[in-house]
Amino acid sequence: MARDGQERRTERGRPGGSAVALSAAYDTALLDLDGVVYFAGGAAIPYAVEALGAARDGGMRLAYVTNNALRTPDAVAAHLTELGVPAEPGDVVTSAQAVARLVAEDVPGGSRVLVVGGEGLRVALRERGLVPVESADEEPVAVVQGYGGPDMAWGRFAEAAYAIGRGVPWYASNTDLTIPGARGIGPGNGAAVEVVRIATGGRVEPKVAGKPQPPMHRETVLRTGAQRPLVVGDRLDTDIEGAFHGGVDSLLVLTGVTDVATLLAAVPEHRPTYVAADLRGLLVGQPEVVADGGGGFRCGGWRASVSGDALVLEGAEETGETGPAGPVGESGVLDGVRALCGAAWTSAGSGACGLDAGKALARLGL
């Protein structure tokens, strides 16, 4: 179960540790998709298929949680299955489902809802007993906006603006400004929400359901029945912040948009419990990051500290310890990253770390 939020906030000065594999410590993995399971073009990220299979075989439930409201759970599950990760529609939770529940709690059953988005949003609204409509003139009681793909007609935004201008409540599946694609980064639903906001004079704000907002976490827990969930993602401002607000632990994988320099500068709500190179991190424990009493933080064979305006990273040969003189290999690099997080986050306190990490990261080959 989630621990008390205040208790968790006091732990954000350093990454957490686990003596057992994360797949054994948590009953359900709440997995983001883009940058975690597959690349923007749809191909599986290296080791993802094998790692997820091993976690599932070990008894961990896998749930796939996405802010993309365009595709239906059926379509997402079919894609995962094609990649070699068997999934059922019930294993997929979308921001369309979260916003549909939010609307259904506010309006009577059978109400008309103006949809500015794709099929995933329409399916989710019908599941809640609501009637999707296309025009502001069809007397909708709510406007719901979700990502509709790159070919979304401009007139859809106009319909939303007309209805909102008449006082109809406005909802958004999510407000991600960008969305990755095979050709690069494109405008996401958040950019489309800004178009409607400008058109309506900025006088109205939508109710937002998707990550990092609480309705998405609530939807996920309700659908999965998770008792000890672990959020797994690549984005600090959606996945990790969503876990923070939900009061649950998180694993950041470095296969997506977040690099180590960004991680070191993270504010408290963006600091993950664990860090791993990829989804193989589910199958192992994580070493503790220990404060050494001298202002430094140790993990594996590394010691991180602050000197002046910079982060400093030392290996075993420099600290006088016995053992390997500077760990090599992927696990050793990650131990160095974790130690640096301890030093950076503690120094920053409730803010963002602005210390120079260049030489420390170069020491790790990053």
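Structure report, in brief. (Residues numbered from 1 in each chain as written. Predicted model: local features only at pLDDT ≥ 70, side-chain atom pairs only at ≥ 80, totals over all residues. Heavy atoms only, no water.)

**Points about the overall build of the protein chain**
Argument step 1. On a plain count of helices and strands, the protein chain comes out with 14 helices and 17 strands.
Argument step 2. A compact globule built from 366 residues would reach a C-alpha radius of gyration of about 21 Å, and the protein chain, at 22 Å, matches this within 12%.
Argument step 3. Expressed along its principal axes, the backbone C-alpha trace of the protein chain runs to roughly 75 × 45 × 40 Å.
Argument step 4. Of all intrachain contacts in the protein chain linking residues separated by at least 6 positions in sequence, the fraction that spans at least 24 positions is 70%.
Argument step 5. Carbon and sulfur atoms make up 53% of the accessible area of the protein chain, which totals about 15000 Å².
Argument step 6. Positive and negative side-chain charges in the protein chain, numbering 31 and 44 respectively, have mean positions lying 3 Å apart. (Helix = DSSP H or I, 4+ residues; strand = E, 2+ residues; numbered from the N terminus. Rg over C-alpha atoms; globule rule 2.2 N^0.38 Å. Contact = heavy atoms within 4.5 Å. Areas by Shrake-Rupley, 256 points an atom, 1.4 Å probe, with all protein chains shown as cover. Lys, Arg positive; Asp, Glu negative; His and termini not counted. Charge placed at Lys NZ, Arg CZ, Asp CG, Glu CD.)

**Some details on the sheet that holds strand E10 (residues 207-208)**
Argument step 1. Spatially, E5-E4-E6-E7-E10 is the arrangement adopted by the five strands of the open sheet, whose pairing is parallel. In the strand order of this sheet, the two ends are held by strand E5 (131-133) and E10, each with one partner.
Argument step 2. Direction of pairing for strand E4 (residues 112-116) relative to strand E6 (residues 142-145): parallel, over a ladder of four bridges. Opposite Val 116, over in E6, you have Gln 145 as the bridge partner.
Argument step 3. Sitting on the sheet, helix H6 (residues 119-127) touches E4, E5 and E6, and the angle it makes with E4 is about 165°. (Pairing = 2+ DSSP bridges. Axes fitted to C-alpha atoms, helices over the stretch in contact; angles between N-to-C directions.)

**A word on the pattern of salt bridges**
Argument step 1. Applying the stated criterion to the full structure yields 21 salt bridges.
Argument step 2. Across the salt bridge formed by Arg 61 and Asp 91, the nearest N and O atoms sit 3.8 Å from each other. Separated by 30 residues along the polypeptide, Arg 61 in strand E2 (residues 61-66) and Asp 91 in the loop between helix H4 (73-83) and strand E3 (92-94) bring together distant segments of the chain.
Argument step 3. Judged by relative accessible area, Arg 61 falls into the partly exposed class, the value being 30%. (Salt bridge = Lys/Arg side-chain N within 4 Å of Asp/Glu carboxyl O. Buried < 20%, exposed > 50% of the residue type's maximum accessible area, 1.4 Å probe, protein only.)

**So, the sheet that holds strand E14 (residues 290-291)**
Backbone-to-backbone hydrogen bonds join strands into a sheet, with any given pair of strands oriented parallel or antiparallel.
Argument step 1. Strand order in the open sheet formed by four strands is E14-E15-E16-E17, and the pairing between neighbours is antiparallel. In this open sheet, the two edge strands, each paired with only one partner strand, are E14 and strand E17 (310-314).
Argument step 2. Pairing between strand E16 (residues 302-307) and E17: five bridges, direction antiparallel. The partner of Val 306 across the bridge, within E17, is Leu 311.

**Some points on the environment of Asp 137**
Argument step 1. With respect to the secondary-structure elements, Asp 137 resides in the loop between E5 and E6.
Argument step 2. For the pair Asp 137 and Ala 362, spaced 225 residues apart in the sequence, the C-alpha separation amounts to 60 Å.
Argument step 3. In terms of polar contacts, Asp 137 uses its side chain to reach the side chain of Arg 166, at 3.1 Å. (Polar contact = N/O pair within 3.5 Å; in protein donor to acceptor, adjacent residues only side chain to side chain.)

**A look at the environment of Gly 117**
Argument step 1. Among the structural elements, Gly 117 can be located in the loop between E4 and H6.
Argument step 2. Spatially, the C-alpha atom of Gly 117 lies 30 Å from that of Thr 28, the residues being 89 residues apart in sequence.
Argument step 3. Setting aside its immediate chain neighbours within four residues, Gly 117 contacts Arg 122, Gly 146, Tyr 147, Gly 148 and Met 152.

**A word on helix H7 (residues 154-165)**
Helical geometry note: an α-helix holds 3.6 residues per turn, so side chains three or four residues apart project in the same direction.
Argument step 1. The end-to-end C-alpha distance of H7 is 17 Å, a good match for the 16 Å that twelve residues give at a rise of 1.5 Å each.
Argument step 2. Listed in full, the buried residues belonging to H7 are Arg 156, Phe 157, Glu 159, Ala 160, Ala 161, Ala 163 and Ile 164.
Argument step 3. Of the surrounding secondary structure, the elements contacted by the buried residues of H7 are E4, E5, E6, strand E7 (170-172) and helix H8 (189-199).
Argument step 4. At the exit of H7 stands Gly 167, carrying a positive phi of roughly 95°. (Expected span 1.5 Å × (residues − 1).)

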